[in-house]
Amino acid sequence: MPQHALSLITERVRERVRRDGIDLTADRSIADRLVREEVQRYSERALGGAVPMLADEREAEKRILADLVGFGPLQPFLDDPNIEEIWINAPDQVFIARGGGSERTDIRLTSSQVRDLVERMLQSTGRRVDLSSPFVDASLPDGSRLHVVIPDVTRREWAINIRKFTRRISALADLVQRGSLTTEAAEFLRAAVRAGVNVIVSGATHAGKTTMLGALLAEAKERERIITVEETFELDLGGRDVVAMQCRQASLEGTGEITLRRLVKESLRMRPDRLVVGEVREAEALDLLIALNSGVPGACTVHANGARDALAKLSVLPLLAGRNIDASFVLPTVAGVVDLVVHCEQTADGHRRVAEIVAPTGVVDGGVVQAVSLFATTADGLRPTGMAPPRAAKFGAAALMPAGVA
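As the structure is a prediction and not an experimental result, all values here were calculated from the model.

Chemist: Help me understand the sheet that holds strand β5 (residues 145–149), please; the structure alone is not making it clear to me.
Modeler: With antiparallel pairing, the six strands of this open sheet are ordered in space as β3-β2-β1-β6-β5-β4. The open sheet is flanked by β3 (101–104) and β4 (135–139), the only strands paired with a single partner. The mean inter-strand angle of the sheet, taken between neighbouring strand axes irrespective of direction, is 15°. Sheet topology note: the strand β1 (residues 83–90)/strand β6 (residues 159–163) ladder contains four bridges and is antiparallel. By the bridge assignment, W87 is partnered in β6 with N161.

This is the structure:
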């Protein structure tokens with residue numbers, strides 16, 4: 001399809017928008033109508049031989065709409081449900097991830113196009129990226145997560161990552177259907193969530209931690225009030241009583257920043273039945289432990305190579321809160337409030353699965369939080385080890401017998 005023809009039609013639409021003072025973002029149907037009209041006019045001229053013919057009018061309309069109200073050449077990737085992530089290393093280096101593997105596309109942008117795309121993506125977020133703030137995390141309208149880094153933090157070009165939000169997985173049953181979780185483990189986790197246990201979801205990058213966390217929370221009781229706090233919105237829970245909060249960057253004057261620690265503290269004033277921290281990375285781990293220690297059921301994700309590594313990391317991160325915090329408080333608190341760790345992994349072929357489910361015993365030995373493995377990966381997949389949860393009081397109080405374990 002001639003690029004010149006698409007550019008000509010796009011410019012005609014923009015002229016009408018400028019002339020009539022139309023806001024295309026306010027109503028998508030207006031953009032659809034204007035593009036359709038201009039494509040028809042162009043085709044009529046093409047029939048008279050004045051301009052080249054369009055090979056496919058519908059495809060032309062889609063590409064023009066992507067330039068006007070979408071994200072240009074990236075829009076087809078965003079619309080493709082099989083593509084998991086998109087990243088740009090340079091204007092002529094656009095990559096996608098599909099089926100757990102990466103591939104370089106034939107998209108060639110200009111530096112100006114890259115900057116325009118980022119500006120359009122940030123338009124509705126209230127966030128910015130500039131020399132004073134060279135990193136930005138933001139959520140796109142469809143829930144996908146945008147991360148941008150600009151020079152001189154990067155060497156020459158803007159680096160952009162878009163981790164797409166998927167609605168294909170909304171419950172533990174979906175994970176069972178995809179082979180990421182066994183029925184036995186799903187039944188146990190469903191009972192655990194309904195019993196109000198505190199769950200840590202661990203794993204490396206791209207292991208499916210956020211997806212697992214969302215699937216777990218989908219099993220919460222219908223009347224449960226869930227408060228989520230995240231650096232950037234990623235979770236999308238369907239409960240009837242859910243409040244989602246995200247951090248805020250400082251203004252140009254350096255004021256107005258809202259940190260994850262602040263959000264955790266504020267959430268406790270909002271009558272949560274369950275507190276969820278999207279990802280624990282730093283000193284907010286202390287505030288989460290204090291909240292869990294006060295009796296508020298909670299959940300979070302942690303980057304870690306294994307379930308026991310996650311417990312070790314959660315025992316160290318609170319120390320970042322200051323020198324007045326020491327291991328004599330943190331270690332027994334982690335041992336006492338964390339009920340389960342669900343560890344996720346990505347296999348060599350890109351498949352995401354639950355690799356292990358462990359339960360702390362409540363004991364600290366030699367500076368290590370002790371835990372037993374309830375489910376472990378064997379040659380036959382994820383199987384129960386025969387061990388029962390060392391602390392089953394919450395299951396008993398909720399009259400829920402954990403299925404799938406001894």
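Moving on from the coordinates now.
Chemist: How should I be thinking about the pairing of strand β7 (residues 199–203) in this particular structure?
Modeler: Moving residue by residue along a regular strand, the side chains alternate between the two faces of the sheet. Of all five residues in β7, five are buried, a share of seventy percent or more. Burial along β7 is two-sided: V199, V201 and G203 facing one way and I200 and S202 facing the other are all buried. Here five bridges tie β7 to strand β11 (residues 298–303), and the two strands are oriented parallel to one another. Paired with S202 across the two strands is V302, which belongs to β11. Where β7 and strand β12 (residues 340–346) come together, four bridges link them in parallel fashion. Within the sheet, the bridge partner assigned to V199 lies in β12 and is L340.

Chemist: How should the pattern of salt bridges be read in this particular structure?
Modeler: In a structure, side chains of opposite charge can pair up when their charged atoms sit close to one another. Tallying each qualifying case throughout the model produces 27 salt bridges. Close ionic contact of R18 with E11 constitutes a salt bridge, the shortest N to O distance being 2.8 Å. The shortest N-O distance in the salt bridge between R274 and E224 comes to 2.5 Å. One end of the pair, R274, is in strand β10 (residues 274–277); the other, E224, is in the loop between α8 (209–217) and β8 (226–230), and 50 residues separate them in sequence. Here the salt bridges share partners, and the residues they tie into one network are R12, E15, R16, R33, E37, E38 and R41.

Chemist: Is there a simple way to explain the packing of helix α1 (residues 3–20) against helix α2 (residues 28–47) in this structure?
Modeler: Helix packing geometry: the angle between the two helix axes and the distance between the axes. Packing of α1 against α2 brings their axes to within 10 Å, and their N-to-C directions diverge by 130°. The orientation of α1 with respect to α2, classified from their angle, is oblique. Here the hand of the crossing between α1 and α2 comes out right-handed. On α2, the residues touching A5, L8, I9, R12, V13, R16 and V17 of α1 are R33, L34, V35, E37, E38, V39, R41, Y42 and R45.

Each value, and the rule that gives it
- Residues numbered from 1 in each chain as written.
- Predicted model: local features only at pLDDT ≥ 70, side-chain atom pairs only at ≥ 80, totals over all residues.
- Heavy atoms only, no water.
- Pairing = 2+ DSSP bridges.
- Helix = DSSP H or I, 4+ residues; strand = E, 2+ residues; numbered from the N terminus.
- Axes fitted to C-alpha atoms, helices over the stretch in contact; angles between N-to-C directions.
- Buried < 20%, exposed > 50% of the residue type's maximum accessible area, 1.4 Å probe, protein only.
- Salt bridge = Lys/Arg side-chain N within 4 Å of Asp/Glu carboxyl O.
- Parallel < 35°, antiparallel > 145°, perpendicular 65-115°, else oblique.
- Left-handed = near helix turned anticlockwise from the far one by under 90°.
- Contact = heavy atoms within 4.5 Å.

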